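An overview of the molecular structure
Chain by chain, the residues run as shown.
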Protein chains: 4
Amino acid sequence: MSNTIGNIFRLTSFGESHGKAIGGVIDGCPSGIFLDEQFIQTQLNRRRPGQSDITTSRNEADKVVFLSGIFEGQTTGAPIAFVIWNADQHSSDYDNLKDVFRPSHADFTYQTKYGIRDHRGGGRTSARETITRVVAGAIAQVALKQLGISIIAFTSQVGDIKLTENYQAYTLEEAEKNAIRCPDKATAEKMIALVQQIKAEGDTIGGLISCVVKGVPAGWGEPVYTKLHAVLGNAMLSINACKGFEYGSGFDVSNKGSEINDVFVMDNGKVSTKTNHSGGMQGGISNGQDIYFRVAFKPVATILREQETVTKSGEKSLIKAAGRHDPCVLPRAVPIVEAMAAISLYDMYLLSKTNEK
Amino acid sequence: MSNTIGNIFRLTSFGESHGKAIGGVIDGCPSGIFLDEQFIQTQLNRRRPGQSDITTSRNEADKVVFLSGIFEGQTTGAPIAFVIWNADQHSSDYDNLKDVFRPSHADFTYQTKYGIRDHRGGGRTSARETITRVVAGAIAQVALKQLGISIIAFTSQVGDIKLTENYQAYTLEEAEKNAIRCPDKATAEKMIALVQQIKAEGDTIGGLISCVVKGVPAGWGEPVYTKLHAVLGNAMLSINACKGFEYGSGFDVSNKGSEINDVFVMDNGKVSTKTNHSGGMQGGISNGQDIYFRVAFKPVATILREQETVTKSGEKSLIKAAGRHDPCVLPRAVPIVEAMAAISLYDMYLLSKTNEK
Amino acid sequence: MSNTIGNIFRLTSFGESHGKAIGGVIDGCPSGIFLDEQFIQTQLNRRRPGQSDITTSRNEADKVVFLSGIFEGQTTGAPIAFVIWNADQHSSDYDNLKDVFRPSHADFTYQTKYGIRDHRGGGRTSARETITRVVAGAIAQVALKQLGISIIAFTSQVGDIKLTENYQAYTLEEAEKNAIRCPDKATAEKMIALVQQIKAEGDTIGGLISCVVKGVPAGWGEPVYTKLHAVLGNAMLSINACKGFEYGSGFDVSNKGSEINDVFVMDNGKVSTKTNHSGGMQGGISNGQDIYFRVAFKPVATILREQETVTKSGEKSLIKAAGRHDPCVLPRAVPIVEAMAAISLYDMYLLSKTNEK
Amino acid sequence: MSNTIGNIFRLTSFGESHGKAIGGVIDGCPSGIFLDEQFIQTQLNRRRPGQSDITTSRNEADKVVFLSGIFEGQTTGAPIAFVIWNADQHSSDYDNLKDVFRPSHADFTYQTKYGIRDHRGGGRTSARETITRVVAGAIAQVALKQLGISIIAFTSQVGDIKLTENYQAYTLEEAEKNAIRCPDKATAEKMIALVQQIKAEGDTIGGLISCVVKGVPAGWGEPVYTKLHAVLGNAMLSINACKGFEYGSGFDVSNKGSEINDVFVMDNGKVSTKTNHSGGMQGGISNGQDIYFRVAFKPVATILREQETVTKSGEKSLIKAAGRHDPCVLPRAVPIVEAMAAISLYDMYLLSKTNEK
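Residues numbered from 1 in each chain as written. Chains lettered and ligands numbered in written order. Predicted model: local features only at pLDDT ≥ 70, side-chain atom pairs only at ≥ 80, totals over all residues. Heavy atoms only, no water.

A word on the overall build of chain A. A tally of helices and strands in chain A yields 7 helices and 18 strands. Its C-alpha radius of gyration of 21 Å places chain A within 12% of the 21 Å reference for a compact globule of 357 residues. Each principal axis of the C-alpha atoms in chain A carries an extent, and together these give about 65 × 50 × 35 Å. Residues counted as buried form 69% of the 357 residues belonging to chain A. (Helix = DSSP H or I, 4+ residues; strand = E, 2+ residues; numbered from the N terminus. Rg over C-alpha atoms; globule rule 2.2 N^0.38 Å. Buried < 20%, exposed > 50% of the residue type's maximum accessible area, 1.4 Å probe, protein only.)

Now the structure itself:
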């Protein structure tokens, strides 16, 4: 149950970091959707390690192979299975981790829960699992695009360096032009410099990703326990290293109701709102305005420095990561946030179709 | 589907604010649990309107009536149905709202999605639905208590007034001694004064609730898409007026990995951590440390001031709420946050039992 | 989980035979459906005890009260909760059953599974639960009727007395004109005479119900594990006392492929089949032909004769039912079979809407 | 949703007959189960084509490759993905079927539902999908065996040739010694002769499979809508070509209640029943007696004879199958029935663990 997400458009993922393959099965995808393999690969490349000097230098090709559910380039309504074969594994980098718990990783909790774990490269807990989200998300994005919907995520904060304006102040597409994926060039440069410094220290840093969805019509989302923002929140919180989710005014609770209520106005014959502190969702249902939210990511837990810890048998130990690791997860997490948004929104769209006699 | 929460311990809720009753059905509750009706009523009283001069003066008795699933004072494994009859309804207070959309409420989105809505008192979108969560939560809390688990939530911020220390600095039980449910007396007084001022202005204010869960053993939570923190986040985000969720270090992303990693240590023969920036969950599974998280609530959307809006037929209109409303939702939301935490944790506990041969 | 049926149109039922009420919550019903309370009550009356001298003489009014989800006579998309208050309970009839296991009832299995049971009138295991199915089924039937679909069930066999022709040979509406609900008058009379004789003996008898659904278009049902006939089979097998399900040619396996294949032909420009041994479903999806199936019911387990048994503490005991009981469940099961067919088909209809881009 | 079966132990299957691979993902399998690859392959070989001269001569190796969820020979609690690569495909055998609907196959219903279909070898509707059930079933069988449970299915009827005695009269393991998998040698020989004759005619024949499960303790199965026999019925009805399901006394409704009730007796200090017309399940919950049921299979729809039909564009056409096909599906369906029984029972076992405080 735990490895499936979605109600109608459902992704079931599988695979360990150093096993034979990572992959997934998408069930409930409507038939007749063009499988845009080039777009899927583009998205995978945005997530891929080794794309810049501020990401890990691991060289993973991450080519997706579809096994089912596609006929003559289109989805058939049958489950879409896909695999990404694992390669370039330095499993021996992890031999010293077999019996030791890496701080702030899931080694201890998995060992306790299951009594057994595949320690190589983090096994099932590796962020390599997010490949499957990007594949499923890209298929959902193609379908959403045809409905006039666009999804753009970007890095809005790294450590203490942050964008100072609302998203409307930036040309979001600019984010793709720099390694950190921040739409403001000056801020991006500061962020990149910070990450390079952190990397030189053998340390890591976290930050925030913002996401803006345009074009969602009013009426998506299901009350009471499947509210659109709860579905998005759940999807984001399921991403490795995610520590928080807020939408609209979120954690900024300084304003009074009279200052923050979104007054309804008519706009070209359509009901619209003067402001959008609601983040495009009211009562858990989209209201036709931009949907926007922010996601917090902690620093990558693997650092290239010596740390204290304990072993499976309860002995004190020291640990120092070998291997190639990201000093900052944010640029690679941007396409993952977009993918999870696409999966969630497309699922809610399909579910909303069932409210017809 | 949307009115049910949980995997094993499942609450399905029903009812509108001014309909005949609000109620729910709990399925999957194990047999043999003592139904502590007094504790349930205590929790309902903490959520009840009219409990202090900073909450709404509506007088709702909120007595729960159990219809099934109980025999000789214990649960039988059969579904537990319950109702709270609606009373003291001033439906006429809402007559002027039949055709008009209240700003930052769900009137417009429900009307658009369903083509019909019960406008009286907000109908299905009313926070009166949260009564059912408190009932189910109280049952879960009784079961969790027997496992040695305690759940305490409290108000940690109202507008700009906030607690300045970590939760460890306070005696959390003190929160119950003041109307705003903040464990620090001096801060509580400032918060109450602020709410009184806001109320006098006919305005509303939001804030944050923190929640601490002690006693959860390592091993609860299901990877990858049913992570314990994602389940909690989803549950909290489903509460009316909730705008964000964070756990552990959350949105505070200023620290480096080396500063924020939770180093493992032995503590009386058990694996423990030196710090707890992880908020008691690693890789989506509890690690035996305190679970803590924060939830953001916006100001109540209903204000006693004139606001612009539009009608169903697209005419400009003015709206001013009559009726009795909360200037600040936080004190009444505290038991709701506790209830949703209990429901989520007990469900994950029951689910964790299935990982046995 | 176990007290809910359906994927989109979902019924969660609750209640014990001698508790306060029997009821249910229907979630996922589209908005804008006229709630035909008269039709619902008509269906309940067809299921009601005391309707003829071959059913139990218990006098249960079985009036349904709706608690939510209805506004101005229509469904709103919110969950539809309803209760039927229990009355005319002779709980003392069951006092002698507190510690004894009735043969072929669920007393022993519930006691073993749950360690506690409400023994009064069978508690949760009572067929009184099927009231909730009739209510939900009637709502589904109203919606299906507007799609041009009709569902008729009838008694086709009692003990060894059976209809000899295919359903096409009878005017199915005639079934409603006699107490056993068999469309052939002569057969019906023989069946009734048999039931009366069985009743006089203090005994009970089982039989078969057939069901025919007309008007379902091609395309309903979901491969591979949610095949339309599997969904129908599961729904029927969940009815108390049901022992088997077959559709189309079913258990009659005497014919060769060449004799039983349904050859495709054109009929007024539409693809049709020359025969319908498939029972209107191929590969688990409706093909536009009549859907038909048969359901087997065992004799009611409660007989007015002395039977050997054992007690909770393992002592030998004798048992003889007091109370008022049905000698044959079939006539009252007819509307239940129709209701379960309606719930299943409407659910599959709503699910089929999600296969659109 | 439709390609997943199970509540806790969940199989999601994928793949088309002539696509790259058939496979599945098992989620919710407890950790620490020994993966008995040899037993799995033995079960696959029992299902495999080409095993005798009364099955198809297609030569499919059906070797399963595990991709994830296994570490050092044991399950880890992570999803278990597996593929069986397709080979020996004579896709050109199916070229003539691209635009024509095979009688009593799912070509027409899939085409109507999805607007597109992979026609090669039946695509997703091929019984080749049942390989995945056998793999998942074998894993469940290993786990059930350790709980003392055995599952044996056998062919009990082919056309009009049937076993005349109850299952207790036979040594069920004898079934494996002949090509038709019937435990009575004399009957088996008649069945085989019939199948050979049918095969010579280019025709096909159906029949019944019986299944007996020993060792299930009292208490498995979940009321009301997840009754153990309904779960089994649903699982069996999801198998290709299945037309009916009955358990215990099933469709034989000739007996009165007094003749068919299972009287409780003590047996070595345990509650037992004198007879077992209930088929080991009462009120949807196992009672500790043998569970037994029967499953009806229609003749394979593909016959080597000319049949009338129509094309996608509504033209009359003639069709005659080329390729290699089974004259009788029963011997190969025996391990599939066992597998589905194992999946269902193990799932219900895991679910029953959640009824603990």
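In this section: the relation of the copies chain B and chain C. Of the transformation superimposing chain B on chain C, the axial component is 0.0 Å and the angular component is 180°, with the fit at an RMSD of 0.0 Å. Read as a symmetry element, the transformation amounts to a two-fold axis. The fraction of interface residues of chain B whose copies in chain C are also interface residues reaches 98%, indicating that both copies meet through the same surface. (Least-squares fit on C-alpha atoms with pLDDT ≥ 70 in both. Contact = heavy atoms within 4.5 Å.)

Often the size quoted for an interface is simply the accessible area lost on bringing the parts together. At the junction of the two partners, chain B supplies 42 residues and chain C supplies 41 residues. Roughly 3,200 Å² of surface becomes buried between chain B and chain C when both sides are summed, with 60% attributable to carbon and sulfur atoms. Summed over the shared surface of chain B and chain C, the number is 2 salt bridges. The residue Lys-98 of chain C makes a salt bridge to Glu-72 of chain B at a minimum N-O spacing of 3.3 Å. In terms of residue count, strand 2 (residues 10-15) of chain B provides more of the side of chain B that touches chain C than any other element does, 5 residues in total. Looking at side-chain class alone, the side of chain B that touches chain C contains 15 nonpolar, 17 polar and 10 charged residues. (Buried area = accessible area lost by both parts, 1.4 Å probe. Salt bridge = Lys/Arg side-chain N within 4 Å of Asp/Glu carboxyl O. Nonpolar A, V, L, I, M, F, W, Y, C, P; charged D, E, K, R; others polar.)

What follows is about the relation of the copies chain C and chain D. Mapping chain C onto chain D leaves a residual RMSD of 0.0 Å; the transformation is a rotation of 180° accompanied by 0.0 Å of translation along its axis. Of the residues that chain C buries at the interface, 100% are likewise interface residues in chain D, meaning the two copies contact each other through the same surface.

Its location among the elements puts Asp-262 of chain C in the loop between helix 6 (257-260) and strand 12 (264-267). Buried charge without a partner: Asp-262 of chain C forms no salt bridge, and the closest opposite charge is Lys-243 of chain D, 6.5 Å away. Within the structure, the side chain of Asp-262 of chain C is placed 2.5 Å from the side chain of Thr-275 of chain C, a separation counted as a polar contact. Asp-262 of chain C has contacts with Thr-273, Thr-275, Asn-276, His-277, Ser-278 and Gln-282 of chain C together with Pro-103 and Ser-104 of chain D, leaving out every residue within four places of it along the chain. (Lys, Arg positive; Asp, Glu negative; His and termini not counted. Polar contact = N/O pair within 3.5 Å; in protein donor to acceptor, adjacent residues only side chain to side chain.)

All names here are of chain B. Contact geometry for helix 5 (residues 228-237) and helix 7 (residues 330-352): axes closest at 9 Å, N-to-C directions at 145°. Viewed along their axes, helix 5 and helix 7 form a crossing whose handedness is right-handed. On the side of helix 5, the interface is formed by Leu-228, Val-231, Leu-232, Ala-235 and Met-236, while helix 7 contributes Val-337, Met-340, Ala-341, Ser-344, Leu-345 and Met-348. Looking at the contact of helix 5 with helix 7, its residues break down into 10 nonpolar, 1 polar and no charged. (Axes fitted to C-alpha atoms, helices over the stretch in contact; angles between N-to-C directions. Left-handed = near helix turned anticlockwise from the far one by under 90°.)

Spatially, 10 strands are ordered 9(A)-8(A)-10(A)-16(A)-11(A)-11(B)-16(B)-10(B)-8(B)-9(B) in an open sheet, and the strand pairing comes out antiparallel. Only two strands of the sheet have a single partner each, and these edge strands are strand 9 (161-162) of chain A together with strand 9 (161-162) of chain B. Relative to strand 16 (residues 291-297) of chain A, strand 10 (residues 207-214) of chain A runs antiparallel, the two sharing 7 bridges. Looking at strand 16 of chain A, one finds that Ser-210 of chain A is bridged to Arg-294 of chain A. (Pairing = 2+ DSSP bridges.)

In this section: the environment of Leu-163 of chain A. Residues and elements named next belong to chain A. By the element assignment, Leu-163 lies in the loop between strand 9 and helix 4 (185-200). Considered as a pair, Leu-163 and Met-191 are 28 residues apart in the sequence and their alpha carbons are 10 Å apart. Beyond its immediate chain neighbours, meaning those up to four positions away, Leu-163 contacts Phe-154, Thr-155, Ser-156, Tyr-170, Cys-182, Pro-183, Asp-184 and Thr-187.

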